[in-house]
Amino acid sequence: MRILQVSAEIFPLLKTGGLADIAGALPAALLAQGCDARVLLPGFPAILAGLTDPVRVGSFGTPWGESVEVLFGALPACSKGDLIVYAYVLVAPGLYDRPGNPYEDANKHPYSDNHRRFATLGWGAAHLAHGLDTHWSAELVHCHDWHAALAPACLAVWNAGQGPRVPSIYTIHNLAYQGVFWPQNFGDLGLPGYVFSMQGMEYHGQISFMKAGLSYASHITTVSPTYAREIQTSEQGCGLDGLLRVRASQLSGILNAVDDSVWNPATDSHLAHRYDVRNLTGKVRNKTDMQATMGLTVDADAPLFTVVSRLTEQKGLPLVLSGLDEIISHGGQLLVLGNGDTQLEQAFTLQAKMHPLQVAFRKGYDEDFAHRVFAASDVTLVPSRFEPCGLTQMYGLKYGSLPLVRRVGGLADTVTDTDLETLDDHSATGFVFDDFEVGDYRRAIRRAFALYRRRSDWNRVRQCGMRIAFDWASAAQHYTNLYKSLI
Ligand code: ADP
Ligand code: GLC
């Protein structure tokens with residue numbers, strides 16, 4: 001099967017969040033299943049720098065008169081052994097030759113021409129399903145998040161004419177980011193007028209890339225089974241639950257996986273001390289090194305709670321701030337790595353100043369440091385308000401850090417709360433609380449301390465978590481089954 005994966009970011013070349021981790025791991029996992037998977041990416045500087053031996057396969061024009069060159073080459077950074085990932089990259093310097101964050105400028109303002117930048121990505125995908133490369137054309141286009149969501153609309157328009165009908169899958173990584181633009185931009189999208197309608201991509205008088213994906217994709221997936229159900233409710237549907245209910249029979253959840261070649265404490269090159277489930281001595285060393293680096297009290301027995309996160313409303317960080325005294329008063333420590341919301345950055349900076357021996361905050365985005373935080377951590381906090389899948393709780397599990405999460409989205413699907421029954425049957429892996437309120441969160445923190453005092457139980461739960469595979473082979477198998485059913 002010839003599958004084109006379309007996304008705006010890809011690990012390790014360009015990453016703002018979990019989307020990149022998934023876009024970076026899925027292609028090689030599909031190749032391993034015997035799928036002829038290729039990727040399509042915008043030509044951001046970091047992407048072009050990672051493309052080797054590029055050849056020009058063709059070009060196409062945009063409605064506003066720009067010419068887009070399509071290059072084809074290999075992405076060694078995303079390849080695994082002899083599973084070479086090949087990519088098409090759109091070269092349009094006017095749109096993509098901007099370093100740094102792919103969506104916003106240095107002042108954190110979204111680029112005003114984002115509708116053009118990502119409409120071009122959608123059209124690029126449709127062209128690659130309809131002969132732009134004379135040697136290879138996609139039999140199915142698999143798009144990720146709103147940046148790629150115009151592709152199903154472009155294909156639907158193309159499918160209505162002559163030529164092969166090419167199915168599409170649209171994967172929602174986060175329904176909260178929708179790509180909504182003013183209606184006067186519709187002309188730039190190159191789509192016929194009927195697409196700007198209730199049945200198409202019109203959303204309260206505006207144009208919505210998310211809605212285009214949801215309306216026109218042959219099938220919709222999201223990144224966990226629970227989130228697939230939640231987004232069909234008015235509480236979590238972000239205004240699109242009605243449409244998602246209409247499409248319920250073509251909507252499913254496929255749980256994300258963990259790339260073992262990147263996230264594995266036994267082989268992780270970011271770590272000074274590697275370890276595995278049979279020998280955790282290295283983990284203790286990573287922890288005390290980290291405490292020293294961050295100016296925390298160096299004490300292997302003090303439980304270290306950590307957060308590695310974008311600092312946004314979604315991630316429930318106000319709970320971490322309100323419940324901080326629960327950690328401090330029980331002799332624990334908190335380490336936060338994150339950037340984003342200025343108020344949250346200031347709040348964590350202040351707490352670190354007030355409690356320098358027990359609270360540390362590293363502002364910024366730092367891949368290397370993130371690995372070292374998971375290796376040092378005893379408890380990974382992910383108390384999200386909503387969470388499509390969440391990867392950090394899975395990284396926590398792999399690195400022997402028990403996740404403490406809210407029972408929502410993919411967090412509910414990946415962490416099993418510790419109680420007498422789950423301790424007994426060896427299914428316990430962490431701590432799960434229900435209500436998005438500080439009382440429930442605090443109770444979960446207290447349960448973490450209670451288990452920490454019972455070391456043999458703690459070690460047993462930790463081992464259960466470290467043994468969970470979250471392997472890409474089974475996630476990729478779910479995707480290939482879906483591809484087969486649609487082609
Ligand atoms: P989301 O995609 O909503 O941000 P996920 O849990 O799916 O949440 O993925 C987050 C990814 O981004 C993980 O790989 C995590 O390690 C990484 N990450 C988040 N914040 C930072 C940071 N400040 N520095 C380094 N990596 C980060
Ligand atoms: C989004 C979601 C996150 C998910 C990630 C990868 O960023 O917020 O929950 O894990 O995409 O699918």
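What comes next concerns the included structure. (Residues numbered from 1 in each chain as written. Chains lettered and ligands numbered in written order. Predicted model: local features only at pLDDT ≥ 70, side-chain atom pairs only at ≥ 80, totals over all residues. Heavy atoms only, no water.)

Brief notes about empty space enclosed by the protein
Counting across every chain of the model gives two cavities of 30 Å³ or more. The space that makes up the largest cavity amounts to roughly 70 Å³. Looking at the largest cavity, the residues that line it are Phe 11, Asp 21, Ile 22, Gly 24, Ala 25, Ala 257, Val 258, Asp 259, Val 262, Trp 263, Tyr 395 and Trp 472. Here the element with the most residues in the lining of the largest cavity is helix α1 (residues 18–32); it accounts for four residues. Class assignment for the residues of the lining of the largest cavity results in nine nonpolar, one polar and two charged. Roughly 50 Å³ of internal volume is contained in the second largest cavity. Gln 5, Val 6, Ser 7, Ile 10, Ile 22, Ala 23, Leu 26, Pro 27, Val 39 and His 144 are the residues that line the second largest cavity. (1 Å grid on protein atoms, 1.4 Å probe; cavity = no way out; pocket = protein on both sides within 12 Å on 5 of 7 lines; lining within 4 Å. Points joined across faces, edges and corners; volume = space filled by probe spheres on them. Helix = DSSP H or I, 4+ residues; strand = E, 2+ residues; numbered from the N terminus. Nonpolar A, V, L, I, M, F, W, Y, C, P; charged D, E, K, R; others polar.)

Some words on the site of ligand 1
In the vicinity of ligand 1 lie 21 residues, with Lys 15, Gly 18, Asp 21, Arg 310 and Leu 391 positioned nearest. Within the backbone of Gly 18, one N or O atom sits 2.7 Å away from an oxygen atom of ligand 1. At 2.6 Å from an oxygen atom of ligand 1 is found a side-chain nitrogen or oxygen belonging to Asp 21. Contributing elements (two or more residues each) for the shell around ligand 1: α1, β13 (304–311), β14 (333–340), α13 (367–376) and α14 (392–398). In terms of residue count, β13 provides more of the shell around ligand 1 than any other element does, three residues in total. (Near = heavy atom within 4 Å. Polar contact = N/O pair within 3.5 Å; in protein donor to acceptor, adjacent residues only side chain to side chain.)

Here's the deal with the site of ligand 2
Around ligand 2 lies a shell of 14 residues, among which His 173, Asn 256, Glu 387, Cys 389 and Gly 390 are the nearest. For ligand 2, an oxygen atom lies 2.5 Å from a polar atom in the side chain of Glu 387. Relative to its unbound accessible area of 310 Å², ligand 2 is 93% covered by the protein chains. Here the shell around ligand 2 gets three residues from one element, more than from any other, and that element is α1. Partitioning the shell around ligand 2 into residue classes produces six nonpolar, six polar and two charged. The residue makeup of the shell around ligand 2 includes at least three contributed by each of domain 1 (2–257 + 472–486) and domain 2 (281–466). (Areas by Shrake-Rupley, 256 points an atom, 1.4 Å probe, with all protein chains shown as cover. Domains from an automatic or database assignment.)

Quick word on the environment of Asp 241
Tracing the sequence through the fold places Asp 241 in helix α8 (residues 241–246). For Asp 241, a relative accessible area of 11% puts it in the buried group. In the structure, Asp 241 is positioned 130 residues away from Tyr 111 in sequence and 28 Å away in space, judged by C-alpha atoms. Sequence-distant contacts of Asp 241, defined by excluding residues within four places in its chain, comprise Ile 231, Gln 232, Thr 233 and Ser 234. (Buried < 20%, exposed > 50% of the residue type's maximum accessible area, 1.4 Å probe, protein only. Contact = heavy atoms within 4.5 Å.)

A closer look at a negative patch on the surface
There is a patch of like negative charges on the surface, built from Asp 419, Glu 421, Asp 424 and Asp 425. Asp 425 gets classed as partly exposed once you look at its relative accessible area, which sits at 46%. (Patch = residues over 30% accessible without salt bridge, like charges linked within 9 Å, V, L, I, M, F, W, Y side chains within 5 Å. Salt bridge = Lys/Arg side-chain N within 4 Å of Asp/Glu carboxyl O. Lys, Arg positive; Asp, Glu negative; His and termini not counted. Charge placed at Lys NZ, Arg CZ, Asp CG, Glu CD.)

Observations regarding the pairing of β14
Along β14, six of the eight residues are buried, which leaves the element largely enclosed by surrounding structure. Where β13 lies against β14, eight bridges are found, and the strand directions are parallel. From the neighbouring strand, Ser 309 faces β14, where its bridge partner is Gly 338. By the bridge criterion, five bridges tie β14 to strand β15 (residues 359–363) in an arrangement that is parallel. Across the sheet, Val 336 pairs through a bridge with Phe 361, a residue of β15. (Pairing = 2+ DSSP bridges.)

Description of the layout of surface pockets
Estimates place the volume of the second largest pocket at around 200 Å³. Residue lining of the second largest pocket: 13 residues in total, with Val 284, Ala 300, Tyr 452, Arg 455 and Arg 462 positioned closest to the centre. Put simply, the parts of the chain that give the lining of the second largest pocket at least two residues each are α9 (281–293) and α18 (455–466). With four residues, the single largest contributor to the lining of the second largest pocket is α18. Of the residues assigned to the lining of the second largest pocket, the class counts are six nonpolar, one polar and six charged.

Some details on the side chain of Lys 315
Residue placement: Lys 315 occurs in the loop between β13 and α10 (317–322). Not counting chain neighbours up to four residues away, the residues in contact with Lys 315 comprise Ser 309, Arg 310, Pro 383, Ser 384, Arg 385 and Glu 387.

Overview of the nonpolar core
With 127 residues, the main nonpolar core has Val 141, Leu 191, Met 201 and Phe 209 as its most contacted residues. Ranked by the residues each element gives to this core, the list is headed by α1, at ten residues. Summarising the domain contributions, this core has at least three residues from each of domain 1 (2–257 + 472–486) and domain 2 (281–466). Leave out the neighbours within four places in its chain, and Val 141 touches Leu 4, Val 6, Ala 125, Ala 129, Ala 151, Leu 155, Val 166, Pro 167, Ser 168 and Ile 169. (Core = buried A, V, L, I, M, F, W, Y, C linked by side-chain atoms within 4.5 Å.)

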